[in-house]
Amino acid sequence: MQQSVITDKFGRVLQDLRISVTDRCNFRCRYCMPREIFGKDFAFLPKEHLLTFEEIERIAQVFLNLGVKKIRLTGGEPLLRKDIASLINRLSQLTGLEDIGLTTNGVLLGKMAVKLKEAGLKRVNVSLDALDDETFMAINDSNVKSNKILESITLAKEAGLHVKVNMVVKKGMNDYEIVPMATYFKELGVTLRFIEFMDVGQSNGWDFKHVITKKEIFDKLSEIYELEPVNPDYIGEVAKRYRYKGTSSEVGFITSVSESFCSSCTRARIAADGHFYTCLFAGTGFNLKDIIRSGVSDDQLEQIIIQRWNQREDRYSDERTEETAKNRKKIEMSYIGG
Ligand code: SAM
Ligand code: SF4
Ligand code: SF4
């Protein structure tokens, strides 16, 4: 087993792993899986194309051997993957793992929270884009009200999970909810992170003019609250963090568009069908599933991953232009996992 620091062409260390466990979802968020594209006829991955739990476990251990410390499960909606708790249980026992989290839309979280915690899950990021039901239902396009997600957040906290909330902010969609959301979660003592609307995939009709930047959100919050910066906990922390002065409540910003953070990007991603990606905005990945199904050894798998990471030159957000945003071929967020 190799215990080492693997770096890419810009010296960025391989440190985090995101694993998408399904490309399916019980929401059809307008900015991620618009129903007119992800409708009844959409060709989701057939079961035999998904990595099995054994394969996920094996790939994860190889990444951990190469220096990864944190794993996050995502999707699609990861809680739709059958027996996800047993996968978490297996992953949480792997050598070298320091932290395991999951990103979810929260619909199934309430009833699964205790089981997930018992399986070894430490943290959940719950996505919620609005408190107002009309807005929230217009976004999720699945008739789910915000109360359902708020209940799940409470149950997850009660189960002992560390909870953060993610809100994608899009102009004209939910920007009027910035302050109400901040106030609600400040009072609940849950960190809210504002995510700038990104040009992931090909289907969400992204345009620069739809983006509300961190500065705009910050200015809006500053009309009411005094915010002070909080130092990052570790190199490669994606969110820019602030504290409401005089409290321990925090708020964060994920600024992929207005202040890109490619120079400290330490994340590898595995899609549900086992493709390995070194950037969220990639067009092509490397098929690890076929490699492992062809019978390679763990040492060979390690060498393949090291080679791919060593060759990595991704810095999409640093280089984003109108042209790349509109015309570059990129995989979908629901497939690669956010
Ligand atoms: N279904 C889960 C959920 O919604 O939390 C996990 C997968 S989802 C793709 C992961 C995160 O990506 C969510 O917080 C979601 O809001 C965010 N996301 C999806 N599309 C986005 C976009 N175009 N721009 C910014 N964030 C996006
Ligand atoms: Fe599903 Fe998450 Fe995409 Fe919404 S953001 S459609 S919940 S994968
Ligand atoms: Fe990392 Fe790619 Fe995002 Fe840059 S654009 S921060 S390289 S995932």
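Residues numbered from 1 in each chain as written. Chains lettered and ligands numbered in written order. Predicted model: local features only at pLDDT ≥ 70, side-chain atom pairs only at ≥ 80, totals over all residues. Heavy atoms only, no water.

- You'll find the protein entered in an unreviewed UniProt entry as GTP 3',8-cyclase, with Gracilibacillus marinus given as the organism.
- In its Catalytic activity (unreviewed entry) section, the UniProt entry covering the protein states "GTP + AH2 + S-adenosyl-L-methionine = (8S)-3',8-cyclo-7,8-dihydroguanosine 5'-triphosphate + 5'-deoxyadenosine + L-methionine + A + H(+)".
- Per its UniProt entry, the protein bears the Subunit (unreviewed entry) comment "Monomer and homodimer." (UniProt positions renumbered as here; feature names shortened; annotations may be inferred.)

**Here's the deal with the overall build of the protein**
Turning to step 1, where the next piece is worked out: Across its full length, the protein carries 12 helices and 12 strands.
Turning to step 2, where the next piece is worked out: For 338 residues, the compact-globule estimate of 2.2 N^0.38 gives 20 Å, and the C-alpha radius of gyration of the protein, at 19 Å, lies within 12% of that figure.
Turning to step 3, where the next piece is worked out: For the protein, the C-alpha atoms occupy an extent of roughly 55 × 45 × 45 Å along the three principal directions.
Turning to step 4, where the next piece is worked out: Sequence separation of 24 or more characterises 73% of the internal contacts of the protein that already satisfy a separation of 6 or more.
Turning to step 5, where the next piece is worked out: Here the protein has roughly 14,900 Å² of accessible surface; of this, 49% comes from carbon and sulfur atoms. (Helix = DSSP H or I, 4+ residues; strand = E, 2+ residues; numbered from the N terminus. Rg over C-alpha atoms; globule rule 2.2 N^0.38 Å. Contact = heavy atoms within 4.5 Å. Areas by Shrake-Rupley, 256 points an atom, 1.4 Å probe, with all protein chains shown as cover.)

**Quick word on the UniProt feature "domain: Radical SAM core" (unreviewed entry) in the protein**
Turning to step 1, where the next piece is worked out: If you check UniProt for "domain: Radical SAM core" (unreviewed entry), the listed places come out as residues 9-245 in our numbering.
Turning to step 2, where the next piece is worked out: Secondary structure over residues 9-245 splits into 31% helix and 19% strand, and the C-alpha atoms at its two ends are 40 Å apart.

**Here we look at the sheet that holds strand β11 (residues 275-277)**
Turning to step 1, where the next piece is worked out: Judged by pairing direction, the sheet is mixed, and its 12 strands sit side by side in the order β7-β8-β9-β6-β5-β4-β3-β2-β1-β10-β11-β12 without closing on themselves. On the outer flanks of this sheet lie β7 (227-230) and β12 (286-287), each paired with one strand and no other.
Turning to step 2, where the next piece is worked out: When strand β2 (residues 70-74) meets strand β3 (residues 99-104), the two strands line up parallel, connected through 4 bridges. Within the sheet, the bridge partner assigned to Lys70 lies in β3 and is Asp99. (Pairing = 2+ DSSP bridges.)

**Here we look at the site of ligand 1**
Turning to step 1, where the next piece is worked out: Surrounding ligand 1, one finds 20 residues, the nearest of these being Tyr31, Gly76, Ser127, Met198 and Met333.
Turning to step 2, where the next piece is worked out: At 3.0 Å from a nitrogen atom of ligand 1 is found a main-chain nitrogen or oxygen belonging to Gly76.
Turning to step 3, where the next piece is worked out: Interatomic distance of 3.2 Å between a backbone N/O atom of Thr104 and an oxygen atom of ligand 1.
Turning to step 4, where the next piece is worked out: Partitioning the shell around ligand 1 into residue classes produces 8 nonpolar, 10 polar and 2 charged. (Near = heavy atom within 4 Å. Polar contact = N/O pair within 3.5 Å; in protein donor to acceptor, adjacent residues only side chain to side chain. Nonpolar A, V, L, I, M, F, W, Y, C, P; charged D, E, K, R; others polar.)

**Some thoughts on helix α9 (residues 298-310)**
Turning to step 1, where the next piece is worked out: Taking 1.5 Å as the rise per residue, α9 with 13 residues should run 18 Å; its terminal C-alpha atoms sit 18 Å apart, in good agreement.
Turning to step 2, where the next piece is worked out: Buried positions along α9 lie against α1 (53-65), β10 (267-270), β11, β12 and α8 (288-293). (Expected span 1.5 Å × (residues − 1).)

**Some points on the pattern of salt bridges**
Turning to step 1, where the next piece is worked out: Under the definition given, this model contains 25 salt bridges.
Turning to step 2, where the next piece is worked out: For the salt bridge of Asp99 with Arg123, the shortest nitrogen-to-oxygen distance reads 2.9 Å. Of the two residues, Asp99 sits in strand β3 while Arg123 sits in strand β4 (residues 123-127), which places them 24 residues apart along the sequence.
Turning to step 3, where the next piece is worked out: A residue is classified by how much of its surface remains accessible, and Asp99, at 14% relative accessible area, is buried. (Salt bridge = Lys/Arg side-chain N within 4 Å of Asp/Glu carboxyl O. Buried < 20%, exposed > 50% of the residue type's maximum accessible area, 1.4 Å probe, protein only.)

**Looking at α1**
Along an α-helix, residues three or four positions apart point the same way, because every turn accommodates 3.6 residues.
Turning to step 1, where the next piece is worked out: The terminal C-alpha atoms of α1, which comprises 13 residues, lie 18 Å apart, in line with the 18 Å expected from a rise of 1.5 Å per residue.
Turning to step 2, where the next piece is worked out: Of all 13 residues that make up α1, 10 are buried, and the element is covered over most of its length.
Turning to step 3, where the next piece is worked out: Along α1, the residues that are buried comprise Phe53, Glu55, Ile56, Ile59, Ala60, Gln61, Val62, Phe63, Leu64 and Asn65.
Turning to step 4, where the next piece is worked out: After α1 finishes, the residue Gly67 shows a positive phi value of roughly 115°.

**Points about the site of ligand 2**
Turning to step 1, where the next piece is worked out: By nearness alone, every residue bordering ligand 2 is listed as Cys25, Phe27, Cys29, Cys32, Met33, Gly76 and Asn105.
Turning to step 2, where the next piece is worked out: Across the shell around ligand 2, the residue classes tally to 5 nonpolar, 2 polar and no charged.

**Considering the environment of Ala85**
Turning to step 1, where the next piece is worked out: Relative to the helices and strands, Ala85 is located in helix α2 (residues 84-92).
Turning to step 2, where the next piece is worked out: Counting along the chain gives 81 residues from Ala85 to Ser4, while the straight-line C-alpha distance between them is 30 Å.
Turning to step 3, where the next piece is worked out: For Ala85, the contacting residues outside a window of four places in its chain are Lys115, Leu116 and Ala119.

**Brief notes about the packing of helix α6 (residues 178-188) against helix α7 (residues 214-222)**
Turning to step 1, where the next piece is worked out: Between α6 and α7, the least distance of the axes is 10 Å, while the angle of their chain directions is 65°. Relative to α7, α6 is oriented so that their crossing is right-handed. For the pair α6 and α7, the contacting residues are Ile178, Val179 and Ala182 in the first and Ile217, Lys220 and Leu221 in the second.
Turning to step 2, where the next piece is worked out: The class makeup of the residues in the contact of α6 with α7 is 5 nonpolar, no polar and 1 charged. (Axes fitted to C-alpha atoms, helices over the stretch in contact; angles between N-to-C directions. Left-handed = near helix turned anticlockwise from the far one by under 90°.)

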